[in-house]
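Summary of structural features
So the chains spell out like this:
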There are 4 protein chains.
Amino acid sequence: MNMQPLLNESIQQITGQLQNWRRDFHHFAESGWFEFRTATIVADELHRLGYSLKMGKEVIKAEARMGLPSVQALQEQEQRAIKQGALVQWLPHFSGGFTGIVATLDTGKAGPTLAFRVDMDALDLDEDQSHVHRPYTEDFSSCNAKMMHACGHDGHTAIGLGLARILKQYEDQLTGKIKLIFQPAEEGTRGAKSMVEAGVVDDVDFFIAIHIGLGIPMGELVCGNGSFLATTKIDVIYRGVASHAGGKPEEGKNALLAAAQAALGLNAMPRHSKGISRINVGVLQAGSGRNVIPDHALMKVETRGETNEINEFIYDKALSIIEGAATMQDVEYEIQLMGAAQSSKPSPAWVDFIYQQVQQHVPELSSVVKSGEQAMGSEDATYFMERVKANGGQASYLVFGTELSAGHHHGQFDFNEDVLAIAVKTLATLTIHLPDFNTQFNQ
Amino acid sequence: MNMQPLLNESIQQITGQLQNWRRDFHHFAESGWFEFRTATIVADELHRLGYSLKMGKEVIKAEARMGLPSVQALQEQEQRAIKQGALVQWLPHFSGGFTGIVATLDTGKAGPTLAFRVDMDALDLDEDQSHVHRPYTEDFSSCNAKMMHACGHDGHTAIGLGLARILKQYEDQLTGKIKLIFQPAEEGTRGAKSMVEAGVVDDVDFFIAIHIGLGIPMGELVCGNGSFLATTKIDVIYRGVASHAGGKPEEGKNALLAAAQAALGLNAMPRHSKGISRINVGVLQAGSGRNVIPDHALMKVETRGETNEINEFIYDKALSIIEGAATMQDVEYEIQLMGAAQSSKPSPAWVDFIYQQVQQHVPELSSVVKSGEQAMGSEDATYFMERVKANGGQASYLVFGTELSAGHHHGQFDFNEDVLAIAVKTLATLTIHLPDFNTQFNQ
Amino acid sequence: MNMQPLLNESIQQITGQLQNWRRDFHHFAESGWFEFRTATIVADELHRLGYSLKMGKEVIKAEARMGLPSVQALQEQEQRAIKQGALVQWLPHFSGGFTGIVATLDTGKAGPTLAFRVDMDALDLDEDQSHVHRPYTEDFSSCNAKMMHACGHDGHTAIGLGLARILKQYEDQLTGKIKLIFQPAEEGTRGAKSMVEAGVVDDVDFFIAIHIGLGIPMGELVCGNGSFLATTKIDVIYRGVASHAGGKPEEGKNALLAAAQAALGLNAMPRHSKGISRINVGVLQAGSGRNVIPDHALMKVETRGETNEINEFIYDKALSIIEGAATMQDVEYEIQLMGAAQSSKPSPAWVDFIYQQVQQHVPELSSVVKSGEQAMGSEDATYFMERVKANGGQASYLVFGTELSAGHHHGQFDFNEDVLAIAVKTLATLTIHLPDFNTQFNQ
Amino acid sequence: MNMQPLLNESIQQITGQLQNWRRDFHHFAESGWFEFRTATIVADELHRLGYSLKMGKEVIKAEARMGLPSVQALQEQEQRAIKQGALVQWLPHFSGGFTGIVATLDTGKAGPTLAFRVDMDALDLDEDQSHVHRPYTEDFSSCNAKMMHACGHDGHTAIGLGLARILKQYEDQLTGKIKLIFQPAEEGTRGAKSMVEAGVVDDVDFFIAIHIGLGIPMGELVCGNGSFLATTKIDVIYRGVASHAGGKPEEGKNALLAAAQAALGLNAMPRHSKGISRINVGVLQAGSGRNVIPDHALMKVETRGETNEINEFIYDKALSIIEGAATMQDVEYEIQLMGAAQSSKPSPAWVDFIYQQVQQHVPELSSVVKSGEQAMGSEDATYFMERVKANGGQASYLVFGTELSAGHHHGQFDFNEDVLAIAVKTLATLTIHLPDFNTQFNQ
């Protein structure tokens, strides 16, 4: 059956709403673990559509959250969200930094479980507020300081909601179960693990995560992006003893020197013969006064590896270096895990299926490629992918190209919103045609 | 002639005023280069007493000021001072960070020129606001955030004004000229050099700088403190190039690593066989984001030496190290001079004279000693001392002991105000008896 | 025409001689730039066969030699070579470290120029002298201390001489010119550049360099090894000022600290997003006495890169780091170039040709592959390859598998000598069939 | 009784012998723990004079020896000594590095025990062999490579023997006991502790150690040199894992980097407010080949402090730094104690006594001073001094000035031998007049 004309019409009907959602989320940008307003709006919409919802602690394992802000900051931001229109009836679910939602559509018919994951958080960045920036001139630039959707997650959330509408509309054509996962705190790779640890993809057979942009041109789809580096993100704190640098230098224990030794040691780590490795000390803050032996230091560190094995090698080396530097200066140290992601390759058969279906059914995508260029970034969707694959399922990561006004993580980032409808149509199409997967591959 | 009974009575008459002044300055504490309110009150009092005044740019060489705040901060603080009662008729003299005053009493009689120097600035510190702290319970604790008189300069300024009153009263007994120097920005050793470079002690034959406290007990006077370390205080800024640490590490130029190498190199500087040397990197702040090659770094550094020669040795070494670290990481660097002081020994004959006069005429001082214990701090009064001595004059640094509620630079610092009257009496006595110096020493 | 039976017979006739040569060179192992005895024997043999010879300064550009031993060492080793049977009539050509030979066979017929390059030097290594080691039990282990053929260059030289005999025998079948290049000092990648700079391959259309072993099994040929890393090898010398560490620490200029800072900085260099990069400080020797500020330091450093561009990036960074560390300690420094090699990919058409010819004509090679596994080593044959390719020629690097008794550069290294005859046959075959290259590729 | 004329004559009689001894020891210079020949000659002379001898293990505690050479080196040097005329009948006492002697003269009369300590070892230095150097032109320069008396211990030993002769001659005038201590391995401060731990000064009431030269002019005596820095001398060995720097960098554990981090950390140690501190990494040797991750490193380190407390502070800091650097690179480490000395001040009453006696009885000394200038060196005689003082005795360190041809530890060091007789006379005089000490001080 050729569903194209019908589907095209359905998509057209929600195109305006996709833009409205995206711009609303953009205007009220909320960074990681603070997505209180966003989450209530998402929950409300999905509930009204008739999805079965799990939220907050049901889908987020508390102790697996990484890089969580302070209790005070969480409370302040929840109040901020209320003032900005968060739907208070949903708020208790998300309170305290549990801003995740899993919506399930059970068709009642036999069939596999297919999951889509989108992320909802903004970056810790001030948005450009000038006349060269469309979100400003068209009045939807961020109203929150140091929070900006400069990576496109506002679009991802809109796509997730649009997909929810369309799938509900076509429920009769579908089989098995569909799960829509709305994840918090992807930036800094902090949130995915807590949802995976809560088991939200343990029953999933097919998995898709998406991203827009990433340098891919409008009209192109990458069916299986697999160049993500495994990563671990830590904060290192050294605590020494202050003393007057002129009068009693010998009474000090110098946390700044420990950090300096560690920063050098970390960068001086050996390369790895099996692939890409990275280490960075991105931030170092130490000391309080010019004439005081510095008694505290903070380093923001990240390791990366082309494989989980390489990242673990780098991370283990980092632990020794950090500890050794503390011993050298006789200072205390603490390591806080702030984020992590894995390396993950998409399932080849699943990529092939997506490639074929899209070429056949989504003419809006003028270019379809199986794998993208090496980007050397990290993504915590990899936790979902690895879990699904470990259970025998199929997983992939799709990139929908779109024009960008500036690079990701830039204060003038914006994108061509036409990509939203294309993405919804593509994901709906794959859902509708999923039964063909077995026909094609399992004979 | 025995002036003691008369002088004692005069002193007693101003004791209440000494406390009032001290507590007023304490309440409206103003840190270095921001002494707008204090300076206008000092100027007004001295003018009313009939002193001839030089102020602002007349007594401060603009380009010799060190550690000057930003133009914006200077303007904001001037507005703050106005709200807190600065006398606006005097403000134009001090606007823009020229908060120094030199008041001259010319007796019209032949005689040498004697100068006293007091300092007026507070520390960048929050004052304790609790019931254990007298300034709080007696309602004169600082009303300005991050500004507190925790070193006693409020007392020094009060002593200066009290001395002005007494000397005016005894003008007939005096010969030659008396100069009262009110200096800004002693903390961080930033202000003295600019007054010396403006020539304010070029005509001075005898010079006295004072401090209260410093661990000396109430009732004791140190006539010639000479244990100051020469010091240079600099901010070092490295500027590199940011790049994505995962995607393009080779495009970055790492300012954080330059600073880490420099911090190690600075601390690893050789010791000096001729005396005490010190080096400290008290603050290091570098980088912006965990996943970005850090493109900037700031270090707050100070060198010290038992002699100017040693301090210069350390400082010259520091310059090479800072430059070399920049070369290593191919980053730009800038060094900003933030403060400096010299080492200086008091003039022995002058100390002997003070010692004898005080023993003879100031029974309130139960203990009089010629030199104090090694403190290993720094003081920019040394610039005045060295200039006076270079011109053939006599210079010393007096410490008046007093009880302290907490150490200098502590949020609960306070002192026994009885020291104020004792100091005024002592300095007045020395002024009155100055003609005896020649009798004693130059025969 | 099927030349196989005839060629097989010719090869069989020289098999004993191949072993004799190899074992003679092995016994009198000579390390880089000391190949005096080897070179005279090679020259004599080639001359007797009727090749036209260029030797010494004719084929080696003096100032392009890297890692040259001292004049004294060169003289001593030349005397050593004479005692060990060097043919003194040829020695003047090679005296002073010019131990290279190029032998040309000009067929007088039109045709391209084909060059083969073999290397002659041993490693700076003591050979195992025990009963588990065949060269010892069969009496051909090295008689020179710290010199051992532990990489197989003895075999390469034997192959070169064997090939010379065969080609002379089949001269009538050949066209164009054949050049046999015997290179000194490949270990440390020190010699090739000096021959290339002397122009010895400027007229070459087809080029082959060979290696035996490298973990490839007996009977296998890799037709186009291209995994060599570009490399630069330098010695860094810091010169400071000594002084008594207790009595006059400030008078010293610490070369050891400069080297320590540099070693850390070098290892802390950024990774490169475009491929493999390496940096190593393999040796650091500094200082003279425990109580003396160290006035000299030596570092042996090497950089490597997957491409010449990456290696140059690393090398340029290294220069800044080395210079900056000198500035930090106010010491002098000197950098000596000790070796270098390039990255180079084999010419695809030439590899295809070799692959087809060998499969067709050399049944002794049971396995023929086009490219080998990533080894991450370096080879200065790459200089020849890049020059030939730059002139429009074809170049490749062949690896002949053979059994090894221990890994390359190990004191118990030995190999199955059957590989010698196989290699000679293969290279002769390629020479005879070279005219087919045009037929195959240039139509 | 005026003993001067008689004593002068006795001294004159042995002046030639003093020179003979000194030149013999100089010619057969033996460095620390290798003083086999010297010790047998000393023992033989003292035995012939009638002293009661304790030798070798009786006076040296084996496990308290520091910086002992290898067993093989000790054996080789013992053989060398035999060839050079060591008296084999005495050799068994000293075999294995027990080259110390204590000779006692018990007068049988009541009285205190007075001990003199001299040292016998040469430096690890090649002596200048040129016509500008008197020991060479007069044929007594060292015949042993890397062993030279460039510090004057040859003279000290001669003085000890001369004193032995004179005291024996004047035995009737003496009371109590006299002990003559001949110590090995003072250079590197390695030997004294082992003699003190063996108890050789546990019964001593008065103690004198001596040195000649040290920049003091001929004819001057320093009666109480007390400027010695406490010191600890260690060798630090790091052991990592080698691997190919190009092929398997991640498999290495980099001992060179551990040493580089440690060297920086050691030099970057805090200064001490209570006095002089010193740290030096005098030697660093690491790695084996340019392309190998370095698997071993050696550092020769020394700490010094104006007091034992400061030296211990520095040493404890050093231990943490050395350990921390090992942890950073995940390498093993070992610390070997190579030498140590204490700080020690001479006993004031004893110095006063010496000062008075010498002024009265030794006119050859034209200048007598109580204390010398700060030298900032170290001396292990301090172990004897501290032990004697701890037991309630009196101890001092005398320096006899003499002309030097070059500084101590220089290859052209030589001294004016007139000092030998002056020193013997001075020490004999003090011994004879010792009974006056009580008269003077204990009344």
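If you look chain A up in an unreviewed UniProt entry, it shows as Indole-3-acetyl-aspartic acid hydrolase from Xenorhabdus innexi.

1. Quick look at the overall build of chain A
What chain A contains, in helices and strands, is 13 helices and 12 strands. Each principal axis of the C-alpha distribution contributes one length, and for chain A these read about 85 × 50 × 40 Å.

2. Thoughts on the interface of chain D and chain A
Each partner contributes residues to the interface: chain D has 22 residues there, and chain A has 22 residues. At the level of elements, α8 (255-267) and α9 (308-329) of chain D are the ones that each hand at least two residues to the side of chain D that touches chain A. A total of eight residues in the side of chain D that touches chain A trace back to one element, the largest contributor, which is α9 of chain D. Tallied by class, the residues present in the side of chain D that touches chain A amount to eight nonpolar, nine polar and five charged.

3. Topic: the interface of chain D and chain C
The partner chain C presents 36 residues to the 36 residues of chain D that form the contact. If you list the elements that add at least two residues to the side of chain D that touches chain C, you get α8, β8 (277-286) and β9 (296-305) of chain D. Of the pairings in the sheet, the one linking strand β8 (residues 277-286) of chain C to β8 of chain D comprises three bridges and is antiparallel in character. Counted as the bridge partner of A286 of chain C is L284 of chain D from β8 of chain D.

4. Quick look at the sheet that holds strand β8 (residues 277-286) of chain A
The strand order across the open sheet built from eight strands is β10(A)-β7(A)-β9(A)-β8(A)-β8(B)-β9(B)-β7(B)-β10(B), with neighbouring strands paired in antiparallel fashion. Edge positions in the sheet fall to β10 (332-341) of chain A together with β10 (332-341) of chain B, since each has one partner strand and no second. Mean inter-strand twist for the sheet, computed between neighbouring axes without regard to direction, equals 25°. Helix α9 (residues 308-329) of chain A rests against β7 (230-239), β8, β9 (296-305) and β10 of chain A of the sheet, and its axis sits at about 160° to β9 of chain A. Lying on the sheet, helix α8 (residues 255-267) of chain B is in contact with β8 of chain A together with β7 (230-239), β8 (277-286) and β9 (296-305) of chain B; it crosses β8 of chain B at an angle near 165°.

5. Overview of the domain arrangement of chain A
Interfaces are often sized by the amount of accessible area the parts lose when they come together. All names here are of chain A. In terms of domains, chain A is made up of domain 1 (3-228 + 342-441) and domain 2 (230-340). On a C-alpha basis, the centres of domain 1 and domain 2 stand 35 Å from each other. In this assembly, 10 residues from domain 1 lie in contact with 13 residues from domain 2. By residue class, the composition of the side of domain 1 that touches domain 2 is two nonpolar, six polar and two charged.

6. As for the relation of the copies chain D and chain A
Least-squares fitting of chain D to chain A yields an RMSD of 0.0 Å, with the transformation described by 0.0 Å of translation along the axis and a rotation of 180°. Both copies of the chain, as the preceding transformation shows, are related through a two-fold rotation axis. No C-alpha of chain D lies nearer the rotation axis than that of G324 of chain D, which sits 2.0 Å from it. A high fraction, 100%, of the interface residues of chain D reappear at the interface in chain A, so the copies pair face to face through one surface.

7. Description of the relation of the copies chain D and chain C
Copy one and copy two of the chain differ by a rotation about a common axis and a shift along it. Between the two copies, chain D and chain C, the superposition gives an RMSD of 0.1 Å; the rotation angle is 179° and the shift along the axis is 0.0 Å. Comparing interface residues between copies, 100% of those in chain D also lie at the interface in chain C; the contact surface is shared.

8. Details of α9 of chain A
Taking 1.5 Å per residue as the helical rise, α9 of chain A with its 22 residues ought to reach 32 Å, and the 32 Å between its terminal C-alpha atoms agrees with that figure. Backbone geometry just downstream of α9 of chain A places D330 of chain A in the positive-phi region, at approximately 55°.

9. Some points on the UniProt feature "domain: Peptidase M20 dimerisation" (unreviewed entry) in chain A
According to UniProt, the positions carrying the feature "domain: Peptidase M20 dimerisation" (unreviewed entry) are residues 237-319 of chain A. In residues 237-319 of chain A, helix accounts for 30% and strand for 28%; the two terminal C-alpha atoms are 13 Å from one another.

10. Quick word on unusual backbone geometry
One non-glycine residue with positive phi stands out, namely A185 of chain A, at about 55°. With respect to the helices and strands, A185 of chain A occurs in the loop between β4 (177-183) and α7 (192-197). The class of A185 of chain A is buried, set by 31 C-beta atoms lying within 10 Å. The backbone of K146 of chain C shows a phi angle near 60°, a positive value even though the residue is not glycine. Tracing the sequence through the fold places K146 of chain C in the loop between α5 (134-137) and α6 (153-169).

11. Considering the sheet that holds strand β1 (residues 52-55) of chain B
Residues and elements named next belong to chain B. Taken together, eight strands build an open sheet; the order of strands is β1-β2-β4-β3-β5-β12-β6-β11 and the sheet is mixed. Here the strands that pair on one side only, and so sit at the sheet edges, are β1 and β11 (367-369). The average undirected angle you get between the axes of adjacent strands in this sheet is 20°. Of the strand pairs in this sheet, strand β5 (residues 206-212) and strand β12 (residues 394-400) are connected by seven bridges, and their pairing is parallel. Looking at β12, one finds that I210 is bridged to L398. Strands in contact with helix α6 (residues 153-169) are β2 (101-106), β3 (113-119), β4 (177-183) and β5; relative to β3, the strand with the most contacts, it is inclined by about 150°.

12. Let's talk about the UniProt feature "binding site: Mn(2+)" (unreviewed entry) in chain A
All names here are of chain A. Residues given the UniProt feature "binding site: Mn(2+)" (unreviewed entry) here are C151, H153, E187, H211 and H409. Taking the farthest pair of C-alpha atoms as the criterion, the annotated set spanning 259 residues converges on one region, since that pair is 13.9 Å apart. Note on placement: E187 falls in the loop between β4 and α7. When near neighbours in sequence (up to four residues on either side) are disregarded, E187 contacts G32, D121, L123 and C151. Relative to the assigned elements, H409 resides in the loop between β12 (394-400) and α12 (418-432). Looking at H409, the number of C-beta atoms within 10 Å reads 16, which means it is partly exposed.

13. Section: helix α3 (residues 71-83) of chain B
With 13 residues, α3 of chain B extends 19 Å between its outermost C-alpha atoms, agreeing within 8% with the 18 Å of an ideal straight helix rising 1.5 Å per residue. At the exit of α3 of chain B stands G85 of chain B, carrying a positive phi of roughly 100°.

14. Concerning the packing of helix α10 (residues 348-361) of chain D against helix α12 (residues 418-432) of chain D
All names here are of chain D. Where α10 contacts α12, the axes come no closer than 10 Å and their chain directions differ by 115°. Classified by the interaxial angle, the pair formed by α10 and α12 is roughly perpendicular. Here α10 runs over α12; the crossing is right-handed. For the pair α10 and α12, contact is made by I354, Q357, V358 and H361 and by T426, T429 and L430, respectively. Considering only residue class, the contact of α10 with α12 consists of three nonpolar, four polar and no charged.

15. Here we look at the pairing of β4 of chain B
Residue and element names in this part refer to chain B. Burial within β4 is extensive, with seven of its seven residues counted as buried. Of the two faces of β4, the one lined by K177, K179, I181 and Q183 and the one lined by I178, L180 and F182 are each fully buried. Of the pairings in the sheet, the one linking β2 to β4 comprises six bridges and is antiparallel in character. Counterpart to D106 in the pairing with β4 is K177. When β3 meets β4, the two strands line up parallel, connected through seven bridges. Within β4, the position partnered with F116 by the bridge is L180.

16. Let's talk about the confidence of the model for chain A
Chain-level pLDDT for chain A is 95 on average; 98% of the residues reach the 70-or-more range. Under the prediction, the complex receives an ipTM of 0.88, its pTM being 0.91.

17. Examining the environment of P348 of chain A
Of note, P348 of chain A is situated in helix α10 (residues 348-361). For the pair P348 of chain A and S396 of chain A, spaced 48 residues apart in sequence, the C-alpha separation works out to 8.6 Å.

18. Here we look at the environment of D126 of chain A
Residues and elements named next belong to chain A. Looking at the secondary structure, you find D126 in the loop between β3 (113-119) and α5 (134-137). The partly exposed category is assigned to D126, around which 14 C-beta atoms lie within 10 Å. Separated by 284 residues in the primary sequence, D126 and H410 have C-alpha atoms spaced 9.2 Å apart. Excluding residues that lie within four positions of it along the chain, D126 makes contacts with A145, K146, M148 and G411.

19. Quick look at the packing of helix α8 (residues 255-267) of chain C against α8 of chain D
A pair of packed helices is characterised by two quantities: the angle between their axes and the separation of those axes. Look at α8 of chain C against α8 of chain D: their axes get within 9 Å of each other, and the N-to-C directions meet at 125°. What the angle tells us is that α8 of chain C and α8 of chain D run oblique. Both α8 of chain C and α8 of chain D take part in a crossing whose hand is left-handed. Mapping the contact onto sequence places L256, L257, A260, Q261, A263, L264 and N267 of chain C in α8 of chain C and L256, L257, A260, Q261, A263, L264 and N267 of chain D in α8 of chain D. Here the residues of the contact of α8 of chain C with α8 of chain D sort into 10 nonpolar, four polar and no charged.

About the thresholds
- Residues numbered from 1 in each chain as written.
- Chains lettered and ligands numbered in written order.
- Predicted model: local features only at pLDDT ≥ 70, side-chain atom pairs only at ≥ 80, totals over all residues.
- Helix = DSSP H or I, 4+ residues; strand = E, 2+ residues; numbered from the N terminus.
- Contact = placed C-beta atoms within 7 Å.
- Nonpolar A, V, L, I, M, F, W, Y, C, P; charged D, E, K, R; others polar.
- Pairing = 2+ DSSP bridges.
- Axes fitted to C-alpha atoms, helices over the stretch in contact; angles between N-to-C directions.
- Domains from an automatic or database assignment.
- Least-squares fit on C-alpha atoms with pLDDT ≥ 70 in both.
- Expected span 1.5 Å × (residues − 1).
- UniProt positions renumbered as here; feature names shortened; annotations may be inferred.
- Buried ≥ 20, exposed ≤ 12 C-beta atoms within 10 Å, placed from the backbone.
- Parallel < 35°, antiparallel > 145°, perpendicular 65-115°, else oblique.
- Left-handed = near helix turned anticlockwise from the far one by under 90°.
- pLDDT = per-residue confidence, 0-100.

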